[in-house]
Amino acid sequence: MAHVGVPRGTARKRRSVALLATGVLTIPVLAGCSSDSESPSRVAVPQDIAPAARERVTEGSTLTWAIDAVPATLNAFQADADGATTRITGALLPSLFPMDERGEPRLNPDYLESAKVIEQEPKQVVLYKLNQQAVWSDGREIGAPDFVAQWRALSGKDSAFWTARNAGYERIEKIERGKDDLQVRVTFSKPYGDWRSLFSPLYPKEVTATPAAFNDGARTTIKNTAGPFRLRSVSKAKGTVVLDRNPRWWGNEAKLESLVFRAVAPGDRSKALTQGTVQVADIDTATADSIARAARYRGGNGQPPAHGPGADVTPASALRSWALAHGSDEEVAETAQAAREKSRQAIAVYAAEQKSLRSFAVRKSLEPAYTQLALNGESGPLADDRVRRAIARTLDRQELADTVLKPLGLPAKPPGSHLALAGQPAYKDGSGALGDQDTKEARALLADAGFTTAGAVRRTQDTKAGSEAEKKKAAASSAAAEEKDKKPAAGEKAAEKTGTDEEKKSGKAGGAAETEKDDKASREEGTYIVGDDKPGGRRAGDVEVTAQDRQPGGPAGAYAPAGTAAPAPASVKGRLGKDGKPLTLRFVLPSGPGSQSLRTVGEKIVEMLDSIGIGTTVTKVSDDSYFKDHVASGDYDMALYSWPATAYPATDGRPIFAKPEPATDGSLLVEQNYTRVGSDHIDQLFDRAVSELDAKKSRDLLRQADARIWAAAGSIPLYQRPQLVAVDKKLANIGAFGFSSPRYEDIGFTAREAAGSPANRKK
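Within each chain, residues carry numbers counting from 1 in the order of the written sequence. For this predicted model, a pLDDT threshold of at least 70 governs which residues receive local features, and a threshold of 80 or more governs which side-chain atom pairs are given and counted, while totals over whole chains, interfaces and linings are taken from all residues. Hydrogen atoms and water are omitted, and side-chain values are computed over all heavy atoms in the structure.

*Asks:* Give a description of the sheet that holds strand β5 (residues 172-177) that names residues and reports values.
*Replies:* Strand pairing is assigned whenever DSSP identifies at least 2 bridges connecting the two strands. Labels follow the DSSP assignment, with helices taken as runs of H or I lasting at least four residues and strands as runs of E lasting at least two, numbered in each case from the N terminus. In spatial order, the strands read β3-β4-β6-β5; together these 4 strands make up an open sheet with antiparallel pairing. Across the chains shown, the open sheet's two edge strands, defined by having one partner strand only, are β3 (112-119) and β5. Sheet twist, expressed as the average angle between the axes of neighbouring strands with direction ignored, equals 15 degrees. Of the strand pairs in this sheet, β3 and strand β4 (residues 125-130) are connected by 6 bridges, and their pairing is antiparallel. Paired with L112 across the strands is L130, a residue of β4. A contact between two residues is defined here by any heavy atoms of the two lying within 4.5 Å. The convention used is that axes are lines fitted to C-alpha atoms, helices contributing only their stretch in contact, and that angles between N-to-C directions extend from 0 to 180 degrees. Sheet contacts for helix α2 (residues 144-154): β4, β5 and β6 (183-188); angle to β5, the most-contacted strand, approximately 160 degrees.

*Asks:* Explain helix α16 (residues 623-631) to me, and be specific about the residues and the numbers.
*Replies:* Within the sequence span of α16, burial applies to S625, Y626, F627, H630 and V631. Contacts made by the buried residues of α16 are with β18 (584-590), β19 (615-621) and β20 (638-644). Buried residues are those whose accessible area, probed at 1.4 Å on protein chains only, stays under 20% of the maximum for their type, while exposed residues exceed 50% and partly exposed ones sit between those limits.

*Asks:* Explain the side chain of S258 residue by residue, including any values.
*Replies:* Counting through the fold element by element, S258 comes out in strand β9 (residues 258-263). Looking at S258, the relative accessible area reads 6%, which means it is buried. Polar side-chain contacts of S258 include one of 2.6 Å to the side chain of T62. Contacts of S258, omitting those with residues within four sequence positions, involve S61, T62, L63, F229, R232, L243 and D244. Residues adjacent in sequence count toward polar contacts only when both atoms are side-chain atoms; beyond that, a polar contact is any pair of N or O atoms within 3.5 Å, and within protein one must be able to donate a hydrogen and the other to accept it.

*Asks:* An account of the nonpolar core is needed here, citing residue identities and associated values.
*Replies:* Grouped together as the largest cluster of nonpolar side chains are 158 residues, with contacts concentrated most on Y128, F199, L243, L373, I605, L640 and L718. If you tally residues by element for this core, the top one is strand β23 (residues 715-728), at 7 residues. Residues within four places of L373 in sequence aside, it is in contact with I391, L395, F587, I605, M638, A639, L640, G714, S715, I716 and L718. The set of buried Ala, Val, Leu, Ile, Met, Phe, Trp, Tyr and Cys residues whose side-chain atoms join them within 4.5 Å is what this entry labels a nonpolar core.

*Asks:* Give a detailed account of the packing of aromatic side chains, specifying residues and quantitative values.
*Replies:* Centres within 6.5 Å make a pair out of two Phe, Tyr or Trp rings, where for Trp the six-membered ring is used; the pair is then stacked when the planes are under 30 degrees apart, edge-to-face when over 60, and tilted otherwise. Counted under the stated rule, the structure contains 20 aromatic pairs. Seen from their ring centres, W65 and F261 are 5.6 Å apart, and the 25 degrees between their planes marks the pair as stacked. With W65 in strand β2 (residues 62-67) and F261 in strand β9, the pair connects residues that are 196 residues apart, well separated along the chain. Summarising the burial analysis for this pair, W65 and F261 share the class buried. Ring geometry for Y128 and F147: centres 5.4 Å apart, planes at 50 degrees, overall tilted. Linking Y128 in strand β4 with F147 in helix α2, this pair joins segments that are 19 residues apart in sequence. Accessibility assignment for this pair places Y128 and F147 in one class, buried.

Written out as structure tokens, the structure is:
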């Protein structure tokens, strides 16, 4: 199931353009910058796929697997490729180094006998020795021509190929045949540590040899495949992609006779499961809860059902209903009988649904992806790294992780890295570079950035020291004194009149000297003065509270004694600001039913920020426009979205955290760095890591880069995402895969299905 806030496709995609205003980030001595040991961390949760030996899995049958939609393209290297593209091509095309359960790339013996770096000087050379049985579905051997065609299409040198990513391919200098047709020599112009990421999936040369074939030929079909399955049909009208066994497959024969991917919207998954139209589906928490309730459902034998229709029927109400249905009043009896029949039907339908759902298990793990709070450093308060760090140190990441994962019975340790997840070789907790949660330190950072409680209250423009307004006021006071000396006979009367006028204007009694004294105190203390809301009655030096902070029914403290400084309105109390502008951030969240967990986390973040005086304006937008129109375009201050884990963080992580570069039109290219926060040093560490052929040294450089990403505080990882998959209980070797790639040929039923395709069986 696609998740809201997850960028489509892989982490290596076409650059997007946005403006950025940035400064230089000064980083102190960082914790977590070096590797003290290479002891691997443990995977937080193992995969949950009901593993079974192949001999226990029956031959034949059809499996129907839910996807969000029929993919727009079957070319995984195009910009509109998505998760469905990856899932389908995984069963059709060679993957030379699929990820294992620890998120590490492992050589696939179905396609390779070996692959290794055989030369480092003067240039890096990798020699691939292919499995001699590996052939395309047309019978042609997989070989160097396929490698060459894919390299040329993805190298970036020919713009006629519409490719979304070329990372690594641009470093290749040449590809040639080895000693025989089963050897492929790849020579690099620059060292490339992530060379295992290349040629997966590997397309046949018929797809990649020409721009026309690459751009259009593989969008809706792949005629030549080399996996355990081959493509039979793609129907957008029916919403299905159908695969069947590849008769030329040289590996273990697929246990399933056919594999159907059916388009089912996330909100319709529960219905599809109860109707039997799918047997495997990524699901949300609500559907998982429905399956759990179905397991507890009991009805019949005269007992009321555990839940659903009829669950609230008591023996007394049942007896009364029976009595009314069989009473002497025919009209009442007829109504009661109709109600009882309607209730029986509802109970029967619900019981059938529960029976269907009881045939499913929820297999769960942690998805290889983490959800982060993104802070847009393009402009405004978040352009200041002190403000971003203050926000990060305010968040209780453990509480946020607990909110999402604990109800599911999954471990809830917040991720300690932007570039790897627990269990992967590159993982090391680098969050110490930012610091632990500490609201006191967060307030100090905000104060250092100029955000204080007094700064949230706006003064009028004529309150500056030595302003023209004060000079005019002083001149007017001097003139009034001279006039008083000239007319002593009217002194008492004039004084009385002056006092009355002052009271009308300022709500205070007393002469000009006392008024000036009060004004000075007001300016120094930033207080809100009773009576400031009177039209035309504001004096220079008085403090103005913005319209949103005014109290209904008049100003707070309106009936206090004259001259009493009123407390700030409730909405201003404790609120931080600078230069009269409250610190308020725009928090964009998706509004759809499938994004409830993001909104729940968002609400908690709002509460945490409010506790230290940071205001938020929550804007909810449709799921469809959330990422494209807001996150990617930079139309947000704060947002929640996810990044997938990768076996190649040096390659895939760089565009996510790269410092934006100036474009010729004056804008900046942000690649996939939607927070617009980066530094030259981070880029340099990525460049060194990706060129390092020593895996240990490369990981150490990545950990240094991660520490600096933490310190920049543009991205705050919150929790690893849950992975919930509803699976027919009779299925084996399928479910929540975690890091690892499916072995499609091993998936099947441990008990034979009824004759006919279960994909077409409806209740």
